[in-house]
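Descriptive structure summary
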Amino acid sequence: MKSPFRVRTLRARIALWYGAIITLSLLGYSLTVAISFARHVRSELDRRVHEDIELAARAIVVDASGSPSWPGGFLAKEIEEEEGGGHWVEVWNLTGTRLLTAGTFDPALPDAVRTAGPLRTVVTHAGPVRTMTETVHVGDATFLVRAAVREVGARAQVRSLWTQLAMISAAVLLVSGFGGIAIAHRLLWPLARMADRARRITAQELHERLNVDVTGEELESLRDAFNTTLARLEASFDQLRRFTADASHEIRTPLTALRSVGEVALRSARSADEYREVIGTMLEEVDRLSRLAGELLAIARAEAGEARFVFDAVDLSKLAREVVGQLEVLAEEREQRLVVDAPEPVVARADRLALRQALINLVDNAIKYSPERSQVTVTVRPGAHLAVVEVRDEGAGIPPEHASRIFERFYRIDPSRSHELGGTGLGLSLVKLIAEAHGGRVEVESVVGRGSMFRLSVPAAG
């Protein structure tokens with residue numbers, strides 16, 4: 001279930017992340033400053049308490065009877081008062097009797113002093129005070145001196161700092177909030193322009209590109225990637241249009257032949273042998289149409305990812321001999337010789353039926369486009385992590401300008417001759433799809449006048 005508080009726009013997310021980072025940074029900075037300042041103020045209070053005790057100890061004078069006094073009134077001369085501050089000093093003997101007091105306020109500290117005590121904060125009727133007791137020696141006499149310093153002024157300074165930090169933080173957050181929105185808008189404006197331009201591109205306008213001026217490597221990369229995708233889509237649509245037109249033409253040809261043969265046969269009465277010849281001609285066209293439909297279906301399934309390949313260890317040497325044995329009848333009709341050069345087993349990881357179909361297409365093409373009384377050689381050999389099958393013929397060869405396109409659907413170097421030989425123009429396209437589905441490839445090497453060699457490479461087993 002989606003959260004109702006989920007932020008859906010990228011602009012709002014950038015602004016929120018920007019504000020969150022600023023908030024956390026300010027919070028960390030404010031806490032660091034405030035805590036450091038509070039520690040500094042506390043250390044200053046402790047320092048004043050120590051100074052008061054030291055001043056009081058130096059100012060004590062003991063008479064002949066052992067009684068202490070401050071003849072010069074040390075507080076009046078040595079201690080400077082601060083706003084909201086106040087000092088208080090007491091001198092006690094070791095029996096817990098207070099002998100001297102001096103200061104700007106009387107905090108009425110509790111407890112009689114009999115031993116030295118550490119620094120601590122005590123809440124009195126005059127507010128919190130920082131107090132400490134130390135043992136001092138004046139001549140042969142020993143006294144306990146307790147000093148107290150009011151914390152009201154120090155605490156007021158800390159509260160004032162917290163207030164100032166809060167006000168500054170609020171102002172900075174307000175400004176950064178609007179700044180984050182402005183930055184997000186400025187950063188995403190090129191994306192909005194590209195999206196608006198992309199929405200205008202339809203299937204009929206795939207030649208258009210996102211010619212949007214953007215700055216920044218990321219945005220330029222996104223624009224270029226989108227344009228590259230458009231180029232691939234345009235090429236795919238063009239190929240699909242050509243494929244549709246070619247498929248329609250290829251299907252229309254046998255249908256037209258069927259219709260023509262049938263219409264001619266019905267114009268007049270014919271003998272049984274003549275009707276048998278007509279039916280044979282029609283069956284040839286039906287067979288061609290069936291093969292065309294089957295290959296189109298196989299290509300469509302392979303491209304849609306619906307073809308189910310069962311990969312297993314396949315001995316290509318044995319498979320090549322099997323294919324050659326199956327097609328040897330076609331070669332004998334043309335007085336051709338099929339030779340298999342496979343001296344050792346070469347095992348590939350492949351789908352046996354699909355690979356068998358690819359080899360049949362390659363050998364069948366070699367037989368069709370080779371002259372009579374020529375030789376077709378099928379070579380099986382291992383390669384680097386690959387199993388390789390090469391089909392070499394002694395035909396007319398393929399001109400260089402056609403070699404890069406012969407694996408396209410319905411592409412023919414000589415369309416009239418292909419129709420005479422019963423080709424559909426899809427055999428090599430299917431070979432390429434099968435090779436790529438196996439993680440391999442198919443290549444051609446040809447010399448005009450000397451023949452061609454098709455090389456099918458698939459991953460070796462193991």
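Let me sum up the structure you'll find in this document. (Residues numbered from 1 in each chain as written. Predicted model: local features only at pLDDT ≥ 70, side-chain atom pairs only at ≥ 80, totals over all residues. Heavy atoms only, no water.)

**Structural notes on the packing of aromatic side chains**
Inspection of the entire model under this criterion finds one aromatic pair. The interplanar angle of 85° and the centroid separation of 6.2 Å between the aromatic rings of Phe-407 and Phe-454 together place this pair among those described as edge-to-face. With Phe-407 in the loop between α8 (400-403) and α9 (415-421) and Phe-454 in strand β14 (residues 451-459), this residue pair connects regions lying 47 residues apart in the sequence. In this arrangement the basic side chain of Arg-150 is found over the ring face of Phe-105, its NZ or CZ atom lying 5.6 Å from the centre. (Phe/Tyr/Trp six-rings, centres within 6.5 Å; stacked < 30°, edge-to-face > 60°. Helix = DSSP H or I, 4+ residues; strand = E, 2+ residues; numbered from the N terminus. Lys NZ or Arg CZ within 6 Å of the ring centre and 35° of its normal.)

**Quick look at the pattern of salt bridges**
Scanning all chains against the criterion turns up 17 salt bridges. Put simply, Arg-47 and Glu-44 hold a salt bridge, and the shortest N to O gap is 2.7 Å. You can see Arg-47 and its partner Glu-44 sitting in helix α1 (residues 10-59), three residues apart, about one turn around the helix. For Arg-356, the salt bridge is made with Glu-322, and the minimal N-O distance between the two is 3.1 Å. Here Glu-322 lies in helix α6 (residues 316-333) and Arg-356 lies in helix α7 (residues 352-368), a separation of 34 residues in the sequence. Owing to a relative accessible area of 32%, Glu-322 belongs among the partly exposed residues under this scheme. Here the salt bridges do not stand alone but share partners, grouping Arg-381, Glu-390, Arg-441, Glu-443, Glu-445 and Arg-455 into one network. (Salt bridge = Lys/Arg side-chain N within 4 Å of Asp/Glu carboxyl O. Buried < 20%, exposed > 50% of the residue type's maximum accessible area, 1.4 Å probe, protein only.)

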